[in-house]
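Structural features, examined
The chain contents come next:
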Amino acid sequence: MQQSPEPHGHGHGHSHSHGPAAPVSRHLRKVIAAVLIPFAAAVVVGLAVLWPGGVPGHERTGVGFDRQTEQGRVVAAQKVDCKDVNAAQVPPTGDTTTPQGREALKAQQGQCTKATVEVTTGPEKGRTFTEIVQPDAPRQLHEGQGVVVAYAPDAPRDLQYSVADVNRKVPLAVLAGIFALAVVAVGRMRGVMALIALAVSFLVLTFFILPAILQGSNPLVVAVVGSSAIMLIALYMCHGLSARTSVAVLGTLISLLLIGLLGSLFIGWAALSGNTDDNTGLIHGLYPDIDMSGLLLAGVIIGSLGVLDDVTVTQTSAVWELHQADPRMGPRALYRAGIRIGRDHIASVVNTLVLAYAGAALPLLLLFSIAQSSVGTVANSELVAEEIVRTLVGSIGLVASVPVTTALAALVVSADRPAASEPVSDEVAGRRPARGGRRRRAK
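Note that this is a predicted model, so its numbers are computed, not measured.

Attention now goes to the overall build of the protein. Each helix and strand counted, the protein has 12 helices and five strands in total. Restricting to contacts in the protein with at least 6 residues of sequence separation, those with at least 24 account for 72%. As displayed, the protein offers around 24,800 Å² of accessible surface, 62% of which is attributable to carbon and sulfur atoms.

If you want it as structure tokens, here you go:
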């Protein structure tokens, strides 16, 4: 009986969920395993050797995030004249034409908020203190609001507690729940596996990468080992243990190595220290042995990994689908067809990466715009130069991942020659013409 000319795989979509990949020959599986098993073993050895065993302790400085905090709640809030509570003082010079003077004068003439805050956690649970909030403060307090309270045990008793921030756990938890529901509703089982892989990635970051860097291990080595572990776990968990996924792993690995080499070269050449703001300065002060430029490079590698996974999986899946649609296509034809798809992906991904970094640095760019600095002056500042190097190195790695992964996928899928004793997939059997112009019956 002649098979219908309609190919069995016609219903495949073009997202990352391409369905199960057609099985490949035993010989090809052995070749891929010979490459990936030593790599996976090296990652496991690296994790064992560099495993930190916990975050090293230190004496709190009471600065920035390095403060002891408790939870609190605003139990009362009333409006009072700022001058009655001495909330703002005109500068000693009496000059009210400066920004500081104008703000102080405005605060004196306005209505401040006098908030009574109750500490709800810790050894002094139930203790209350007063917080004065000026009318032009960016964070206002209202009754019933949850807050994060900073505790300074060495300060005078009346000054030991102060409001450090607003408690945002509830809205963040609700948003995370909506995100998880959306992923599962659309992705179904793949979505569930993606969420599990995301959780594993955070565990590797929290329990391995960050503590290992704090304990003095080389940030670049830690980032490479940690990123490789995340890559192996996430890709195989989300896309299955198959030759198609293994090719995506190889393409991602090669691109990460390129990003590491370029990042190391240009961070050193541009003399980027990695110590450009209060947070990095605090880290360097607490742990002076940390290589801050290496930390910057580690951030470049980890930040590029997520987008690389997307590109390499998409390109590999595209080549596999092209091969299943026409098994007679050779590696050159597969590469040409796959690279045409990749060019569209390059344009969108690079633009996304650049805009993501620009959006994160928008307040900084506004400051430079206010100062009317030239483009050259802005780009030359270390704070902006870091983002430029981070963006361009990551983008070069992304661009390179498309031809590299496409070429690997085309070579691998074209070299696949199942033995006569091995079963042939339905898709391939349904598309490969038999002798006499008749199609083989799908098994």
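Take the side chain of Ser304 next. Along the chain, Ser304 turns up in helix H7 (residues 292-325). Overall, the relative accessible area of 6% leaves Ser304 in the buried class. From its side chain, Ser304 meets the backbone oxygen of Val300 in a polar contact 2.8 Å long. Not counting residues up to four positions away in its chain, the partners in contact with Ser304 are Ile259 and Gly394.

Turning next to the confidence of the model for the protein. Low pLDDT marks stretches whose predicted atomic positions should not be read closely. For the protein, the mean per-residue pLDDT works out to 78, and 78% of the residues sit at or above 70. Ranking the helices and strands of the protein by mean pLDDT puts helix H3 (residues 169-214) first, with 91, and helix H12 (residues 426-431) last, with 42. Note that pLDDT drops below 50 for residues 1-20; the model gives that stretch 33 contacts with residues more than four away or on any other chain.

A word on H7. Counting along an α-helix, one turn takes 3.6 residues, and residues three or four places apart therefore face a common direction. The terminal C-alpha atoms of H7 lie 50 Å apart, and with 34 residues this matches the ideal 50 Å at 1.5 Å per residue to within 8%. Where H7 bends most, at Leu305, the angle is about 35°.

Before going further, it helps to examine the packing of aromatic side chains. For any pair of aromatic rings, the description rests on two quantities: the centre-to-centre distance and the angle between the ring planes. Inspection of every chain in the model, using the stated rule, returns four aromatic pairs. The structure contains a cluster of three or more aromatic residues connected by ring pairs, namely Phe129, Tyr151 and Tyr161.

Attention now goes to the environment of Val307. Mapping Val307 onto the fold places it in helix H7. Taking the C-alpha atoms as reference, Val307 lies 7.8 Å from Val349; in sequence the two are 42 residues apart. Contacts of Val307, omitting those with residues within four sequence positions, involve Val349 and Leu398.

Moving on, we get to a nonpolar patch on the surface. Together, Trp51, Leu203 and Phe207 make up an exposed nonpolar region whose accessible area comes to about 350 Å². Tracing the sequence through the fold places Phe207 in helix H3. Taking the relative accessible area as the measure of exposure, Phe207 reaches 49% and is therefore partly exposed.

Right, let's talk about the pairing of strand S3 (residues 128-133) for a bit. Only one face of S3 is buried: it carries Phe129, Glu131 and Val133, and the other face, with Thr128, Thr130 and Ile132, is open. By the bridge criterion, six bridges tie strand S2 (residues 111-119) to S3 in an arrangement that is antiparallel. Each residue of the ladder has a partner; that of Thr113, found in S3, is Val133.

The five strands are arranged S3-S2-S1-S4-S5 in an open sheet whose pairing can be described as antiparallel. For this open sheet the edge positions go to S3 and strand S5 (161-166), each flanked by a neighbour on one side alone. Direction aside, neighbouring strands of the sheet carry axes that sit 45° apart on average. As paired strands, strand S1 (residues 68-81) and S2 are joined by nine bridges and run antiparallel to one another. Each bridged residue has a counterpart across the sheet, and for Ala76 the counterpart in S2 is Thr116.

On to the pattern of salt bridges. When the charged atoms of two side chains with opposite charge come close together, those side chains can pair. Per the counting criterion, the structure on display carries seven salt bridges. Residue Arg157 is joined to Glu124 by a salt bridge in which the shortest nitrogen-to-oxygen separation is 3.4 Å. With Arg157 in the loop between strand S4 (146-151) and S5 and Glu124 in the loop between S2 and S3, the pair connects residues that are 33 residues apart, well separated along the chain. Given a relative accessible area of 51%, Arg157 falls into the exposed group. Of the residues examined, Glu124 reaches a relative accessible area of 22% and is grouped as partly exposed. Across the pair Arg168 and Asp165 runs a salt bridge, and its minimum N-O distance is 2.9 Å. What emerges from the salt-bridge pattern is a single network uniting Glu124, Arg127 and Arg157.

Attention now moves to the packing of helix H4 (residues 219-239) against helix H5 (residues 243-269). Packing of H4 against H5 brings their axes to within 10 Å, and their N-to-C directions diverge by 155°. Compared by their axis directions, H4 and H5 come out roughly antiparallel. Taken as a pair, H4 and H5 cross one another with a handedness that is right-handed. Judged by residue contacts, Ser227, Met231, Leu232, Leu235, Tyr236 and His239 of H4 engage Thr245, Ser246, Ala248, Val249, Thr252, Leu253 and Leu256 from H5. Class assignment for the residues of the contact of H4 with H5 results in eight nonpolar, five polar and no charged.

For H3, built from 46 residues, the straight-helix expectation of 68 Å at 1.5 Å per residue is missed by more than 12%, its first-to-last C-alpha distance being only 27 Å. Residue Gly187 marks the point of greatest curvature in H3, where the axis turns by about 135°. Buried residues of H3: Gly191, Ala197, Ser201, Val204, Phe208, Ile209, Pro211, Ala212 and Ile213, and no others.

Positive phi outside glycine occurs at Arg188, with the angle close to 55°. Its place among the elements puts Arg188 in helix H3. For Arg188, a relative accessible area of 65% gives the class exposed. Even without a glycine there, the phi angle at Ala271 is positive, about 55°.

Reading the values: rules and limits
- Residues numbered from 1 in each chain as written.
- Predicted model: local features only at pLDDT ≥ 70, side-chain atom pairs only at ≥ 80, totals over all residues.
- Heavy atoms only, no water.
- Helix = DSSP H or I, 4+ residues; strand = E, 2+ residues; numbered from the N terminus.
- Contact = heavy atoms within 4.5 Å.
- Areas by Shrake-Rupley, 256 points an atom, 1.4 Å probe, with all protein chains shown as cover.
- Buried < 20%, exposed > 50% of the residue type's maximum accessible area, 1.4 Å probe, protein only.
- Polar contact = N/O pair within 3.5 Å; in protein donor to acceptor, adjacent residues only side chain to side chain.
- pLDDT = per-residue confidence, 0-100.
- Expected span 1.5 Å × (residues − 1).
- Bend = angle between axes of the 7 residues up to and from the residue.
- Phe/Tyr/Trp six-rings, centres within 6.5 Å; stacked < 30°, edge-to-face > 60°.
- Patch = residues over 30% accessible without salt bridge, like charges linked within 9 Å, V, L, I, M, F, W, Y side chains within 5 Å.
- Salt bridge = Lys/Arg side-chain N within 4 Å of Asp/Glu carboxyl O.
- Pairing = 2+ DSSP bridges.
- Axes fitted to C-alpha atoms, helices over the stretch in contact; angles between N-to-C directions.
- Parallel < 35°, antiparallel > 145°, perpendicular 65-115°, else oblique.
- Left-handed = near helix turned anticlockwise from the far one by under 90°.
- Nonpolar A, V, L, I, M, F, W, Y, C, P; charged D, E, K, R; others polar.

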